[in-house]
Amino acid sequence: MAHKKGHQVGVLLVGTEMSEAYASAMVTVIPVILLVAAIETSRFSSVIDEVRLQRANKVLEEAREGRVLSPDLPKAVVRWHLASYCIFGLLWISHLWAEMNLIFWLSYTEKDPDPALAVYVKWTAITGFWLVMFGAAAQRQVAAWSQREEREALLDEAQALMRRKRSRLR
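Overview of the structure.

About the criteria used
- Residues numbered from 1 in each chain as written.
- Predicted model: local features only at pLDDT ≥ 70, side-chain atom pairs only at ≥ 80, totals over all residues.
- Heavy atoms only, no water.
- Core = buried A, V, L, I, M, F, W, Y, C linked by side-chain atoms within 4.5 Å.
- Buried < 20%, exposed > 50% of the residue type's maximum accessible area, 1.4 Å probe, protein only.
- Helix = DSSP H or I, 4+ residues; strand = E, 2+ residues; numbered from the N terminus.
- Contact = heavy atoms within 4.5 Å.
- Phe/Tyr/Trp six-rings, centres within 6.5 Å; stacked < 30°, edge-to-face > 60°.
- Lys NZ or Arg CZ within 6 Å of the ring centre and 35° of its normal.
- Salt bridge = Lys/Arg side-chain N within 4 Å of Asp/Glu carboxyl O.

Let us now look at the nonpolar core. If you look at soluble globular proteins, the nonpolar side chains tend to sit buried side by side. Of all hydrophobic cores here, the largest spans 20 residues; its most connected members are M18, Y22, M26, I30, L91, L102 and V121. Mapped by element, the contributors of at least two residues to this core are α2 (20–64), α3 (75–107) and α4 (115–169). Take this core: its biggest share by element is 8 residues, from α2. When residues no more than four places from it in sequence are discounted, the contact partners of V121 are Y22, M26, I30, A98 and L102. Judged by nonpolar contacts, the second largest core, of 5 residues, contains F44, V51, V77 and A138.

As a further point, take the packing of aromatic side chains. Following the criterion strictly, the structure yields 1 aromatic pair and no others. Taking NZ or CZ as reference, K111 lies 5.9 Å from the ring centre of W105, over its face.

What follows concerns the pattern of salt bridges. Inspection of every chain in the model, using the stated rule, returns 1 salt bridge. Across the pair E20 and K111 runs a salt bridge whose closest N-O atoms are separated by 3.8 Å. With a gap of 91 residues between them, E20 in helix α2 and K111 in the loop between α3 and α4 connect regions that are remote in the sequence.

Now for unusual backbone geometry. If you check the backbone angles, D114 has positive phi at about 35 degrees while not being a glycine. Overall, D114 belongs to the partly exposed group, its relative accessible area being 29%.

Let's shift gears to the environment of V47. Here V47 shows up in helix α2. Its relative accessible area of 19% is what places V47 among the buried residues. Along the primary structure V47 and R140 are separated by 93 residues, whereas in three dimensions their C-alpha atoms are 8.8 Å apart.

Written out as structure tokens, the structure is:
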């Protein structure tokens, strides 16, 4: 059993050879990962747009009441937004590079086993899968920050109302 476990770790790090079956499978898996990544990126952009819209509405509401509120998004939201675009940009570049190389490899009449390409494709697909999962988690985190900020604003408003009522009672 220990030998098998050690062999599995070795296969993750190296030891993968390109075959037509592997290349054919991966040439279809990589576009699926890219499609899911595109959907997640779009959904994440929608979440960010919704947070921006909520923030703009809050700024306008505060301005009507004579209070000034910064129109800036919370720094954590901006950081997640920028980080997600950088990460998904790298995902796109690495997956497109892997896809191109797989197509070229499949088009050759004499195919070398090319273990370096096989390992690159394997890790590109694994990383892509995890980054897509990261995107889904990032969406939930940004939405949670937005909701937390909204709850804090409502709490601040309730506390201000309570202070005004107390001052009237005195």
